[in-house]
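This is what each chain is made of:
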Amino acid sequence: MIQVVVIGAGILGASTAFHLAREAAAVTVVDAAHAGRATAAGAGIVCPWVSGAEDAAFYALYAAGARYYPQILADLADLGEADTGYSRVGALCVAEGAETLAAIEGLALRRAAAAPEAGAVERLGPAAARALFPPLRPGLGGVFIAGGARVDGRRMTAALLGAATRLGAVQRRGQAELLADGGRAAVRLAGETLAADIVVVAAGAWAAELLQPLGIELGIAPERGQIVHLGLAGADTSRWPVVLPSGSHYLLAFEDSRVVAGATREDVGFDHRVTAAGLAEVLEAALRVAPGLAAASVIETRIGFRPVGPGYRPMLGWAPGVQGLLVGNGLGAAGLTIGPFAGRMLAQMALGRNPDLDAEPFRPAHSLSPGRQPRTVLR
């Protein structure tokens, strides 16, 4: 039986552990429970078909992530893990200009033609758009993509870890250390060396610190996101769609009369604070698009450090120079879409199989200098 240690219990690490445990691998998940884990803060928008991604390899992974959700949800439900926070509520791209809406509609239609899971694409006038998301500003038209969805990263990750545990995985809490024992990756936790044939580093923005003792530099850096949660007492928000204006901000609703508004993109290191400027940026953008939220209660602001690498292309594959070391990182703002599928890919690689999607473009050595992706569209 292959023994695998997975470092990191965000959505990528949790998915890797689940897929390995389902194949009867002996899995230990080690997590340091850092404040600011991207999975716990991320909004959870699943709608790659209107992103501005021009990197074909990245878009293929992004779209595969969305396509995989129904399958993994069914697999989790079979194991008694049905509380994932996932709901196919649709996505509404909003704008005032007819030319802008036509461009969005054209992109969505082209991509949906190759992705049945995107569902129907429909152009909506302002009244129809507001009927779907009542707080919207009058005058905003929209393009509705029926297959758009939301997912609660905390609940989805808990379901993945719960299923992995049912299948025999073991969870450990603490700060792992990476070692190279005779050129092979090893893990030490609280003075104990954990048995491992394979080590998977899925530690998000904290991977750089872990990999440094092995002389591996992948260029991963944290990008702070401040995301505001608003409460609309008495409102049934359960079927409100994701709202995607032009730019990097967004709105989405969950079933508990909650609307999530995001998000900042800040290069400030691991500064885990809600700032006046960040809060103002998010609220101003939200109220500009949906002034009907002005009376909402501010419930909380979550901070997440997105792991971002050079070129914004994810890294999935064997680390250079150390045997038995797999790296999964750099999912950035697309992590909650890509994470479950990327975890499956890492598990397949750990088991010596060819992954479902060609992983060569995401090999860590290849991910250091690809063309940059637009920061404004990858949520």
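Since the structure is predicted, the reported quantities are computational estimates derived from the model, not experimental observations.

Peer 1: Looking at this structure, I do not really get the environment of Met345. What am I missing?
Peer 2: As for its placement among the helices and strands, Met345 is situated in helix α9 (residues 335–350). Take Met345: its relative accessible area is 0%, and that puts it in the buried class. Here the alpha-carbon distance between Met345 and Ala359, two residues 14 residues apart in the chain, equals 8.0 Å.

Peer 1: Which parts of the structure should I look at to understand the sheet that holds strand β11 (residues 192–194)?
Peer 2: Within a sheet, adjacent strands bond to each other through the backbone by hydrogen bonds, running parallel or antiparallel. What the three strands build is an open sheet, ordered β9-β10-β11; its pairing is antiparallel. With partners counted over all chains shown, the strands left at the sheet margins are β9 (176–181) and β11, one partner each. Across the sheet, the mean angle from the axis of one strand to that of its neighbour is 40°, orientation sign disregarded. With six bridges connecting them, β9 and strand β10 (residues 184–189) associate as antiparallel partners. When the bridges of β10 are listed, Ala176 appears paired with Leu189.

Peer 1: Help me out: how do you make sense of the layout of surface pockets in this one?
Peer 2: Over the atoms a probe the size of a water molecule is rolled, and this reveals where empty space is left. In this structure, the largest pocket occupies an estimated 230 Å³ of space. Residue lining of the largest pocket: 17 residues in total, with Pro245, Ser246, Ala285, Arg288 and Val289 positioned closest to the centre. For the lining of the largest pocket, the elements supplying multiple residues, two or more each, are β4 (91–95), β15 (250–254), β16 (258–262) and α8 (276–289). If one sorts the elements of the lining of the largest pocket by residue count, α8 sits on top with five residues. Class assignment of the residues belonging to the lining of the largest pocket gives a composition of 11 nonpolar, three polar and three charged.

Peer 1: Would you take a moment to explain the nonpolar core for this structure?
Peer 2: Here is a general trend for soluble globular proteins: nonpolar side chains tend to be buried in one another's company. In terms of nonpolar packing, the biggest core is built from 81 residues, with Val27, Ile145 and Met156 touching the most fellow members. It is helix α3 (residues 56–78) that contributes the most residues to this core, 13 residues altogether. Listed in part, the 25 residues of the second largest apolar core include Val201, Ala203, Ile220 and Met315.

Peer 1: Quick question: what am I supposed to make of the pairing of strand β13 (residues 221–231) here?
Peer 2: Look at any regular strand and the pattern is simple: side chains alternate between the two faces of the sheet. With 10 of 11 residues buried, β13 is to be regarded as a mostly interior element. Pairing analysis gives 11 bridges linking β13 to strand β17 (residues 297–308), with the strands arranged antiparallel. Directly across from His229, in β17, lies its bridge partner Glu300.

Peer 1: Explain the packing of aromatic side chains here, please?
Peer 2: For any pair of aromatic rings, geometry is given as the distance between the ring centres together with the angle between the planes. In the structure shown here, the tally under the stated rule is seven aromatic pairs. Between the aromatic rings of Tyr68 and Phe341, the centroid separation amounts to 5.7 Å while the plane-to-plane angle is 70°, which identifies the pairing as edge-to-face. In this pair, Tyr68 sits in helix α3 while Phe341 sits in helix α9, placing the two residues 273 residues apart along the sequence. Seen from their ring centres, Tyr69 and Tyr86 are 4.9 Å apart, and the 15° between their planes marks the pair as stacked.

Peer 1: Please explain the packing of α3 against helix α6 (residues 153–166) as it appears in this structure.
Peer 2: Relative orientation and spacing of two packed helices are given, respectively, by the angle between their axes and the distance between those axes. One can describe the packing of α3 onto α6 by two numbers: an axis separation of 10 Å at closest approach and a directional angle of 50°. Classified by the interaxial angle, the pair formed by α3 and α6 is oblique. As α3 packs across α6, the resulting crossing turns out to be left-handed. Note on element contacts: α6 touches α3 through Met156, Ala159, Leu160 and Ala163, opposite Tyr69, Ile72, Leu73 and Leu76.

Peer 1: Teacher, can you tell me more about α6 here?
Peer 2: Residue pairs spaced three or four apart in an α-helix point in one direction, given the helix's 3.6 residues per turn. Helix length check: α6, at 14 residues, gives a terminal C-alpha distance of 20 Å against a target of 20 Å (1.5 Å per residue), a fit within 8%. Among the residues making up α6, those that are buried are Gly153, Met156, Thr157, Ala159, Leu160, Leu161, Gly162, Ala163 and Ala164. Here the buried face of α6 lies against α1 (11–22), β2 (26–31), α2 (38–41), α3, β8 (170–173) and α9. Residue Asp152 occupies the N-cap position of α6, its side-chain oxygen lying 3.0 Å from the main-chain nitrogen of Arg154. Just beyond α6, the residue with positive phi is Gly168, at close to 110°.

How each quantity is defined
Residues numbered from 1 in each chain as written. Predicted model: local features only at pLDDT ≥ 70, side-chain atom pairs only at ≥ 80, totals over all residues. Heavy atoms only, no water. Helix = DSSP H or I, 4+ residues; strand = E, 2+ residues; numbered from the N terminus. Buried < 20%, exposed > 50% of the residue type's maximum accessible area, 1.4 Å probe, protein only. Pairing = 2+ DSSP bridges. Axes fitted to C-alpha atoms, helices over the stretch in contact; angles between N-to-C directions. 1 Å grid on protein atoms, 1.4 Å probe; cavity = no way out; pocket = protein on both sides within 12 Å on 5 of 7 lines; lining within 4 Å. Points joined across faces, edges and corners; volume = space filled by probe spheres on them. Nonpolar A, V, L, I, M, F, W, Y, C, P; charged D, E, K, R; others polar. Core = buried A, V, L, I, M, F, W, Y, C linked by side-chain atoms within 4.5 Å. Phe/Tyr/Trp six-rings, centres within 6.5 Å; stacked < 30°, edge-to-face > 60°. Parallel < 35°, antiparallel > 145°, perpendicular 65-115°, else oblique. Left-handed = near helix turned anticlockwise from the far one by under 90°. Contact = heavy atoms within 4.5 Å. Expected span 1.5 Å × (residues − 1). Polar contact = N/O pair within 3.5 Å; in protein donor to acceptor, adjacent residues only side chain to side chain.

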